[in-house]
Amino acid sequence: MKMWKRNLIVCWFGMFVTGIGMSQIAPVMPLYIKQLGISNTSSIAELSGIAFGITYIISAIFSPIWGNAADRFGRKPMLLRASLGMAVVISCMGFAPNVYVLIGLRLLQGAITGYSTACTTLIATQTDKEHAGYALGTLSTASIAGSLLGPTIGGLIEEMVGLQPVFFITGALLLVAFITTLLFVEESFIREDKKPLSAREVWNSVPEKNLTIVLSVTFFVITLALYTIEPIITVYVTQLSKDTSHVALISGLAFSASGLANIIAAPNLGKLSDKVGAHKVILIAIVAAGLIYIPQAFVVNPWQLMGLRFLLGLTLGGLNPSVNTLVKKITPASITGRIFGFTVSAGYLGIFGGSVLGGQVAARFGISYVFFVTSALLLLNAVWVYFKVYKKYNLN
């Protein structure tokens, strides 16, 4: 098996498990916080939001830092550091004596992450040009699928074996990711004995600054769009359901449907971007995603919502690999890790921002407006991409 294919398989598994580790706590967080001694309902809700969101905020800060380290010391050492560190930290959450230790561990988890940044940089720099779109497309499914399927997986584990095993099982999977990375990932990395570039020097060495900004913002909007439904999905499914006995499971399936579709679509759309141009795939996918959000406001049962979420995942499956492919094309190899670190940070901020935006819009205007606002953001981003990327650059 070729080196890039073996690296892709190992990195896909690691990013998938990492995505689960970041998000699987969402459905069990309120229950676990209650088990840790917090009985007031409003306090549970407030502490759950802090514990869930703090990981993504800290990850957004640290992703460029670990991207810089990957460029300086190699990507494989960063993969080993992140996978082993997260395995230990997530397992320790199962032993948390109180909610404040739990929040501290979630903060630490955000600080030691960087697996996705290192994986994306490794695959981008070690894969030949002809297969870059396919490889990055396949890889992009891992993190998104893990993040979107994580809540369902966490809920199922909790239902079957209890709260604490959620953390232990996830930690064990990350330990497997560490071992497989150690044994099977290969990297041709030559360290340059140069003075590390400052953030300003890195930015000055980016040849297409405006395009890099557009791509980072687009990545932010893509991720934000996926997560605006996260805080209101259970309430929406309850409104749509006649049988409320399995609302949590149905909500998890509806939220995760886009993740499953993403796994199916992204590799194929990555191949398509290699043939017709990533900028074309980005534009068409954003417009399609924006339009698919509108009918979600008018569904009459959870299965219609699930079907539309699946279609949404098919369209968004073309966005992440295409953005990563363009970033690879326009970025010098010596700073690829740092630039991918910024785009990953944009994604983490999108997760946090989407959750906040969805909750605020639903509270102030109603659940239907969550879909309208998200659609408007995607379509406005499509207009920006059309004028700033599609018409301006020949990126075939």
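Residues numbered from 1 in each chain as written. Predicted model: local features only at pLDDT ≥ 70, side-chain atom pairs only at ≥ 80, totals over all residues. Heavy atoms only, no water.

In the nomenclature of an unreviewed UniProt entry, the chain is known as Multidrug efflux MFS transporter of Clostridium rhizosphaerae.

Colleague: Even after reading the chapter, I still don't get the overall build of the chain, so can you show me in this structure?
Modeller: Assigned secondary structure in the chain consists of 17 helices and zero strands. In terms of C-alpha radius of gyration, the chain reaches 20 Å, essentially the compact-globule figure of 21 Å for 396 residues. Along the first, second and third principal axes, the C-alpha set of the chain runs to 55 × 45 × 40 Å. In the chain, which comprises 396 residues, the proportion classed as buried is 57%. The long-range fraction of contacts in the chain, counting pairs at least 24 apart against all pairs at least 6 apart in sequence, stands at 86%. About 16,300 Å² of surface is accessible on the chain, with carbon and sulfur atoms providing 67% of the total. The positive charge centre, built from 27 side chains, and the negative charge centre, built from 15, are 7 Å apart in the chain. (Helix = DSSP H or I, 4+ residues; strand = E, 2+ residues; numbered from the N terminus. Rg over C-alpha atoms; globule rule 2.2 N^0.38 Å. Buried < 20%, exposed > 50% of the residue type's maximum accessible area, 1.4 Å probe, protein only. Contact = heavy atoms within 4.5 Å. Areas by Shrake-Rupley, 256 points an atom, 1.4 Å probe, with all protein chains shown as cover. Lys, Arg positive; Asp, Glu negative; His and termini not counted. Charge placed at Lys NZ, Arg CZ, Asp CG, Glu CD.)

Colleague: How should I be thinking about the pattern of salt bridges in this particular structure?
Modeller: Side-chain pairing between opposite charges can occur once the charged atoms of the two side chains come close. All chains considered together, the criterion is met by two salt bridges. We note a salt bridge from arginine 75 to glutamate 187, for which the minimum N-O separation is 3.8 Å. Taken as a pair, arginine 75 in helix 4 (residues 75–93) and glutamate 187 in the loop between helix 8 (164–184) and helix 9 (199–204) lie far apart in primary sequence, 112 residues in all. With a relative accessible area of 5%, arginine 75 lands in the buried category. (Salt bridge = Lys/Arg side-chain N within 4 Å of Asp/Glu carboxyl O.)

Colleague: I tried to follow helix 15 (residues 319–330) on my own but got confused; where do I start?
Modeller: Along its twelve residues, helix 15 runs 17 Å from first to last C-alpha, staying within 8% of the 16 Å computed at 1.5 Å per residue. The buried fraction of helix 15 amounts to ten of the twelve residues, a majority that puts the element mostly inside the structure. Among all positions in helix 15, only Leu319, Asn320, Pro321, Ser322, Val323, Asn324, Thr325, Leu326, Val327 and Ile330 are buried. (Expected span 1.5 Å × (residues − 1).)

Colleague: What is the right way to read the nonpolar core from this model?
Modeller: As a rule of thumb, nonpolar side chains are buried together in soluble globular proteins. Counting 118 residues, the largest nonpolar core has Leu102 and Leu305 as its most contacted members. Looking at this core element by element, the count peaks at eleven residues for helix 3 (residues 41–73). Excluding residues that lie within four positions of it along the chain, leucine 102 makes contacts with Ile25, Met29, Tyr32, Ile33, Leu36, Met93 and Ala96. (Core = buried A, V, L, I, M, F, W, Y, C linked by side-chain atoms within 4.5 Å.)

Colleague: Looking at this model, I keep getting lost on the packing of helix 10 (residues 209–227) against helix 16 (residues 336–365). Mind explaining?
Modeller: The relative placement of two packed helices is expressed as an angle between their axes plus a distance between the axes. Here helix 10 crosses helix 16 at 35 degrees, and the two axes come no closer than 7 Å. Here helix 10 and helix 16 pass one another in a crossing that is right-handed. Residues Thr212, Ser216, Phe219, Phe220, Thr223, Leu224 and Tyr227 of helix 10 form the contact with helix 16, whose own contacting residues are Ile339, Thr343, Val344, Ala346, Gly347, Leu349, Gly350, Ile351, Gly353, Gly354, Ser355 and Leu357. For the contact of helix 10 with helix 16, the per-class residue count stands at ten nonpolar, nine polar and no charged. (Axes fitted to C-alpha atoms, helices over the stretch in contact; angles between N-to-C directions. Left-handed = near helix turned anticlockwise from the far one by under 90°. Nonpolar A, V, L, I, M, F, W, Y, C, P; charged D, E, K, R; others polar.)

Colleague: For this particular structure, what's the right way to read the environment of glycine 137?
Modeller: As for its placement among the helices and strands, glycine 137 is situated in helix 7 (residues 132–161). Residues glycine 137 and threonine 125, twelve residues apart in the sequence, show an inter-C-alpha distance of 14 Å. In this structure, glycine 137 is in contact with Ala266, Pro267 and Pro321, ignoring residues within four places of it in sequence.

Colleague: What is the right way to read helix 13 (residues 278–293) from this model?
Modeller: A turn of α-helix holds 3.6 residues, and therefore any two residues three or four places apart point the same way. Taking 1.5 Å of rise per residue, the 16 residues of helix 13 would be expected to cover 22 Å, and the 23 Å separating its terminal C-alpha atoms lies within 8% of that figure. Here helix 13 has its buried residues at Ala278, His279, Val281, Ile282, Leu283, Ala285, Ile286, Ala289, Gly290, Ile292 and Tyr293.

Colleague: Help me understand the packing of aromatic side chains, please; the structure alone is not making it clear to me.
Modeller: Two measures describe an aromatic ring pair: the distance that separates the ring centres and the angle between the ring planes. Scanning the entire structure with this criterion turns up ten aromatic pairs. Taking 5.1 Å as the distance between ring centres and 80 degrees as the angle between the ring planes, the aromatic pair formed by tyrosine 386 and phenylalanine 387 counts as edge-to-face. Exposure remark for tyrosine 386: the relative accessible area of 32% places this residue in the partly exposed category. The structure contains a cluster of three or more aromatic residues connected by ring pairs, namely Phe298, Phe365, Tyr369 and Phe372. The ring of tryptophan 66 has arginine 81 sitting right over it, with the charged end atom 3.5 Å from the ring centre. (Phe/Tyr/Trp six-rings, centres within 6.5 Å; stacked < 30°, edge-to-face > 60°. Lys NZ or Arg CZ within 6 Å of the ring centre and 35° of its normal.)

Colleague: Hey, could you run me through the state of the cysteines in this one?
Modeller: Chemically, a disulfide is nothing more than a covalent bond linking the sulfur atoms of two cysteines. Overall, the coordinates contain zero disulfides when judged by the stated rule. Free cysteine cysteine 11: the closest other cysteine sulfur is in cysteine 119, separated by 3.2 Å. (Disulfide = S-S within 2.5 Å.)

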